[in-house]
Amino acid sequence: MKHMTRKATRHVSQNEGLIFEKSSSGKAAWKLPPLDVPEVDASALLGVSERKDLGNMPEVSEIEIIRHFTRLSTWNYAIDLGMYPLGSCTMKYNPRVNELVVRLEGLANGHPYQPERISQGALRIIKTLSECLIEITGMDAITLQPAAGAHGELTGLLMVRAYHESKGDPRKKILIPDSAHGTNPATAAMVGYSVENLKSNAQGMVDVAALAAQMNQDVAALMLTNPNTLGVFEQEIHKIAEIMHAKGGLLYMDGANMNALVGKVRPGDFGVDVMHLNLHKTFSTPHGGGGPGSGPVAVKSKLEPFLPTPVPVTKPDGTLGFEYDRPQSVGRVRAFYGNFGMFVRALAYILANGPDGLRQTTEDAVLNANYIRKGLEGVYDLPYSTPSMHEVVFSDKLQAKKGVRTMDLAKRLIDYGFHPYTTAFPLIVPGALMIEPTESEPKEELDLFVEAMKSIAEEVEEDPRTVLDAPHSTRVSRLDETAAARKPVLRWKPGS
Amino acid sequence: MRYLPKSPADRKAMLQAIGARSIDDLFSPIPAEYRLERDLKVPRQMAESEIVDWFRERSRENGDTYATFLGAGAYYHYRPVIIDSLVSRGEFLTAYTPYQAEISQGTLQSIFEFQTMICELTGMEVANASMYDGSTAAAEAVMMAVRLTGRRSVVIARSVHPEYREVLTTYAHHQNLPLSTSSFKEDGRLNLEELEQSITPDTACVLIQSPNFFGTIEDAATIAEIAHKKGAMLVVSIAEAVSLGIVEPPRQADIIALEAQSFGVPLGFGGPYCGVIATREQFVRQMPGRLAGQTTDRNGKRGFVLTLATREQHIRREKATSNICTNQALVALMVNIFMTIYGKVGLKELAKQNLAKTAYAAAQFSKHAKVLLSGPPRFNEFIVQTSEDPYAINSRLLGHKIVGGLPLKKFYPELGNAALWCCTELTTRSAIDTAVGLVAESERSVRSAREEVDVQEVAP
Ligand SMILES: Cc1ncc(COP(=O)(O)O)c(C=O)c1O
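From a predicted model like this one, the values you see are computed outputs, not experimental measurements. (Residues numbered from 1 in each chain as written. Chains lettered and ligands numbered in written order. Predicted model: local features only at pLDDT ≥ 70, side-chain atom pairs only at ≥ 80, totals over all residues. Heavy atoms only, no water.)

Novice: Go over the interface of chain A and chain B with me, naming the residues and quoting the values.
Specialist: Opposite the 206 residues of chain A that make contact, chain B presents 186 residues. Across the chain A to chain B interface the summed buried area is about 17,100 Å²; carbon plus sulfur atoms make up 64%. Considering only the side of chain A, the residues that lose the most area to chain B are A:Arg51, A:Tyr113 and A:Leu490, jointly responsible for 5% of the buried surface there. Inspection of the chain A/chain B interface yields 14 salt bridges. A salt bridge links B:Arg302 to A:Glu21, with the shortest nitrogen-to-oxygen separation between them at 2.9 Å. Where chain A touches chain B, the interface holds 92 residue pairs in polar contact (both at pLDDT 80 or more). With 28 residues, the top contributor of residues to the side of chain A that touches chain B is helix α10 (residues 340-376) of chain A. Across the side of chain A that touches chain B, the residue classes break down as 111 nonpolar, 53 polar and 42 charged. (Contact = heavy atoms within 4.5 Å. Buried area = accessible area lost by both parts, 1.4 Å probe. Salt bridge = Lys/Arg side-chain N within 4 Å of Asp/Glu carboxyl O. Polar contact = N/O pair within 3.5 Å; in protein donor to acceptor, adjacent residues only side chain to side chain. Helix = DSSP H or I, 4+ residues; strand = E, 2+ residues; numbered from the N terminus. Nonpolar A, V, L, I, M, F, W, Y, C, P; charged D, E, K, R; others polar.)

Novice: Lay out helix α6 (residues 149-166) of chain A in plain terms, naming residues and giving numbers.
Specialist: Along its 18 residues, α6(A) runs 25 Å from first to last C-alpha, staying within 8% of the 26 Å computed at 1.5 Å per residue. Extensive coverage of α6(A) is indicated by the burial of 16 of its 18 residues. (Expected span 1.5 Å × (residues − 1). Buried < 20%, exposed > 50% of the residue type's maximum accessible area, 1.4 Å probe, protein only.)

Novice: How would you sum up the environment of B:Ser88? Please name residues and give values.
Specialist: With respect to the helices and strands, B:Ser88 occurs in the loop between α4 (81-87) and α5 (90-93). B:Ser88 sits in the partly exposed class, given a relative accessible area of 35%. Each C-alpha atom of the pair B:Ser88 and B:Leu330 lies 9.6 Å from the other, and the pair is 242 residues apart in sequence. Once you skip the residues sitting within four places of it in the chain, B:Ser88 turns out to touch A:Arg103 and B:Leu93. Here B:Asp84 takes part through its backbone oxygen, which lies 2.5 Å from a polar atom of the side chain of B:Ser88.

Novice: Break down the pairing of strand β5 (residues 250-254) of chain A for me, citing the residues and quoting the values.
Specialist: Residues and elements named next belong to chain A. Summarising burial for β5: 5 of the 5 residues are buried, a large majority. Along β5, one buried face is formed by Leu250, Tyr252 and Asp254 and the opposite face, lined by Leu251 and Met253, is buried too. In the sheet, strand β4 (residues 219-225) pairs with β5 via 5 bridges, with the strands oriented parallel. Considered in β5, the bridge of Thr225 is made with Asp254. Where β5 lies against strand β6 (residues 274-276), 3 bridges are found, and the strand directions are parallel. By the bridge assignment for β6, Asp254 is matched with His276. (Pairing = 2+ DSSP bridges.)

Novice: Go over the packing of helix α2 (residues 62-73) of chain A against helix α6 (residues 105-122) of chain B with me, naming the residues and quoting the values.
Specialist: Packing of α2(A) against α6(B) leaves a shortest axis separation of 7 Å and a crossing angle of 135°. The orientation of α2(A) with respect to α6(B), classified from their angle, is oblique. Here A:His68, A:Phe69 and A:Leu72 of α2(A) lie close against α6(B), whose contacting residues are B:Gly106, B:Gln109, B:Ser110 and B:Glu113. (Axes fitted to C-alpha atoms, helices over the stretch in contact; angles between N-to-C directions. Parallel < 35°, antiparallel > 145°, perpendicular 65-115°, else oblique.)

Novice: Can you break down the sheet that holds strand β3 (residues 153-157) of chain B residue by residue, with the values?
Specialist: Through backbone hydrogen bonds, the strands of a sheet pair up, either in parallel or in antiparallel fashion. All names here are of chain B. Ordered in space as β2-β8-β7-β6-β5-β3-β4, the 7 strands form an open sheet in which the pairing is mixed. Only two strands of the sheet have a single partner each, and these edge strands are β2 (126-127) and β4 (179-182). Judged from the 4 bridges that link them, strand β6 (residues 233-238) and strand β7 (residues 255-259) form a sheet pairing that is parallel. Each bridged residue has a counterpart across the sheet, and for Ile238 the counterpart in β7 is Leu258. Packed onto the sheet, helix α10 (residues 220-229) meets β5 (203-209) and β6 and runs at close to 150° relative to β6.

Novice: Lay out the pattern of salt bridges with the relevant residues and their values.
Specialist: In total, this model carries 56 salt bridges over all chains according to the counting rule given. Two residues, A:Glu99 and A:Arg345, come together in a salt bridge whose shortest N-O distance is 2.8 Å. Taken as a pair, A:Glu99 in helix α3 (residues 96-102) and A:Arg345 in helix α10 lie far apart in primary sequence, 246 residues in all. Neither A:Glu99 nor A:Arg345 differs from the other in exposure class; each is buried. Salt-bridge contacts for A:Glu131 lead to A:Lys127; the nearest nitrogen and oxygen are separated by 2.7 Å. Separated by 4 residues within a single helix, A:Glu131 and A:Lys127 lie in helix α5 (residues 120-137), roughly one turn from each other. What makes A:Glu131 partly exposed here is its relative accessible area of 42%. Residue classification places A:Lys127 among the partly exposed positions, given a relative accessible area of 26%. Through salt bridges with shared partners, a single network forms among A:Glu99, A:Arg103, A:Arg345, B:Arg79 and B:Asp84.

Novice: Mind laying out the side chain of A:Ser119, listing which residues take part and the relevant values?
Specialist: Following the sequence through the fold, A:Ser119 ends up in the loop between α4 (105-108) and α5. Dropping the residues within four chain positions of it, A:Ser119 is found in contact with A:Gln114, B:Glu61, B:Asn62 and B:Phe269.

Novice: Any details on the site of the ligand? Residues and values, ideally.
Specialist: Around the ligand, the surrounding shell holds 15 residues, and the nearest of these are A:Ser88, A:Ala150, A:Asp254, A:His280 and B:Thr326. One finds residues of chains A and B in close proximity to the ligand. In the model, a nitrogen atom of the ligand is placed 2.5 Å from a nitrogen or oxygen of the A:Asp254 side chain. Note that an oxygen atom of the ligand is positioned 3.5 Å from one of the side-chain N or O atoms of B:Tyr96. For the ligand, the protein covers 99% of the area, taking 390 Å² as the surface of the free molecule. A class-by-class count of the residues in the shell around the ligand yields 5 nonpolar, 7 polar and 3 charged. (Near = heavy atom within 4 Å. Areas by Shrake-Rupley, 256 points an atom, 1.4 Å probe, with all protein chains shown as cover.)

Spelled out as structure tokens, the structure:
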């Protein structure tokens, strides 16, 4: 390995087995207080329903648990360690004050069914966040119930469907650009729609003429990501909206990329009828290794009657409450009110930013992406030269000539101390390198990233093997995913 | 803005490097007529201390000092301190989905351990990495049964959490899955004769909850037999995970949809919680959600990856088993740590304390009011029927800083003045005695008011 890595260096990492391998009878990490009511005889109370044995559940002490999970944690990369440029994922800083306020007694221990009289604090948070998100999106109404982006899509399309049905015009199809994320078509199918693909044009944008040709009375909505998954703003968005509306269709916006827009432009102003947000992307709630998220859905007033129940309202006496009686509602999409803990964090983020901070955040996110683009142009193939917003998508075309693909480059990036970019999509770019730095990266980190990517490109020319065998510095080398899927081992068993 | 790591000089240098005159150049792809030329109308930028104060105020307005008898799908259990110590580690908190396995082994191994423990506790062979919550897990489990059986209709026990049933109704609506409900008997258990009749050759599955919404433990073995005899599957929803410490799991079920909130997840006004689906190995390819699996690296070393991704939306798009992508990973980690702390012995002892508190409370209440649907074994919850409207009693209880049981009129009007009470290991005897005292007082005053009326009517 000729090239030095400037950001990362190796250090000792602790080995750690599975927790079951540390278990032995009689160890404990728990202690219950004495009962203040009479003991009971479980067998007498439960009869045949009594459980006698808890199988292979572990028995370990507290220090072992602390060490176990702390050691595991050190095997993860994280935003707290450095740049995490996963395109479409918006891996930004997760403020710590958010974690403090969500744990305040009344919020952490609030029961979803406690009387509204003593739920005014939670309701105020829901209302304030709703108002902020409505203002940010330029829409008219919102539900915070969906638990993630895909769940928001489901909720949004259910409302689209209810809207058309209320007009006696149940439509059959959803148009989805070929650049879309996999959840979009998967969601459309769950709502009973058939999916029709929409081809992108040479600029990576919606082909407006093709859309006009494909749009007809059978189409319920177009699901559009804007900026799209190439990080490109759909410049003809007003025409797109017009085409949809002229034939009675709706414009759905996947708001995964709102980090490029907040404070600069509002989807409600450019013709969007319904959209979801990802509080776990744009609004800084932590990804937590895959969730939880929160996917609020904002709508124009014509869709408001169809919002999931319950809907938060201000009562005549000025107190806040929930309204359940909404005859046109699509119904509930989950129990209770949504991932409330994420609402608290997202609102804390908005309050920490204010209007000026939100705008600056967006500007910095777009600045960072363009800085990377500039730094890597020519080194990596840029399949679409259309201006980038918050992310930039290169391809592995130049490196593929040496047999090195985007996943190989990504794995090599790990050795340089960075998390890889997104490799899985957009499908319209074969061998995509989808890079989203977010606003959270200082110039120094971006410079190191560009340097690392250039260095890897040189390695591909001089010593492709190094890249193909990467990563070299992790505790495990490349893992055999094929074997994992062929003969799935999905749980530990004694003696295994 | 304190989260932004750039000086004005940095920004200037970067713009120069890009070759842009100003930041506005970078936003020129947005048509001018749509650009926002004003400040967003959101609250002004606040200092950290102001943010903490604002939320403290909200916390105080949110019943921060009340004891609670509410359960109904959200349970107040003790959360050991180390759960938050560990999930607050940035390496867990601020990591993405573990798609890049080599630098995500911590998350992946913990999911593998989670899946293992869920299997041990539920008696199933495979469990996924999590679903949004118990309600969506139940709905997706039902849809899974529909795919597995090739049948379309679903029989749902009326004793399943009413909001879970609402969610299933929403999900099923546009997939044209006919739903029917099966009622419960006087003793709180499912009416088996009625159930047997409602299963048709088109029934994909029967969905029950056990312990059910009323706390009653269903006879899952018999229900499974009835369903299987007619070629239908049994899907069991479990909303109170602590019950698994002492209650035999429904091993005869084909799919279990669990809400694991009881295992170390804060009530948090209803979320985020942690749904999980567990099933038999033969059904795994129709399972929704992520799965971690064991494999080896190039040197033969054990490691873990996300696997069987061909079920998922990023590969299969409209043919995927579900649209779920982001799940509840960090909450599943809380659950994982909780299960590790209590383990084989502690979970049982914990569940026993829950049984004892509930038995005591139900016995005390039954001295003064009617405890409905009793007979079969129960866990943590029971229904008290009073003469007075439970809302009125609850409102007096609030004066004692106690939140009473959940009035059931909204969900089960036929039960009259009934409320669903819940005890856990955290319910104190003194809170139980106070609540029982108020209910007793209410019954006495209703009775004496009635006697007064009787006396007046008798008087000439
Ligand atoms: C463009 C886009 N749409 C939808 C989603 C799905 O969102 P979630 O994972 O929150 O369900 C993603 C997630 O990565 C995305 O990037």
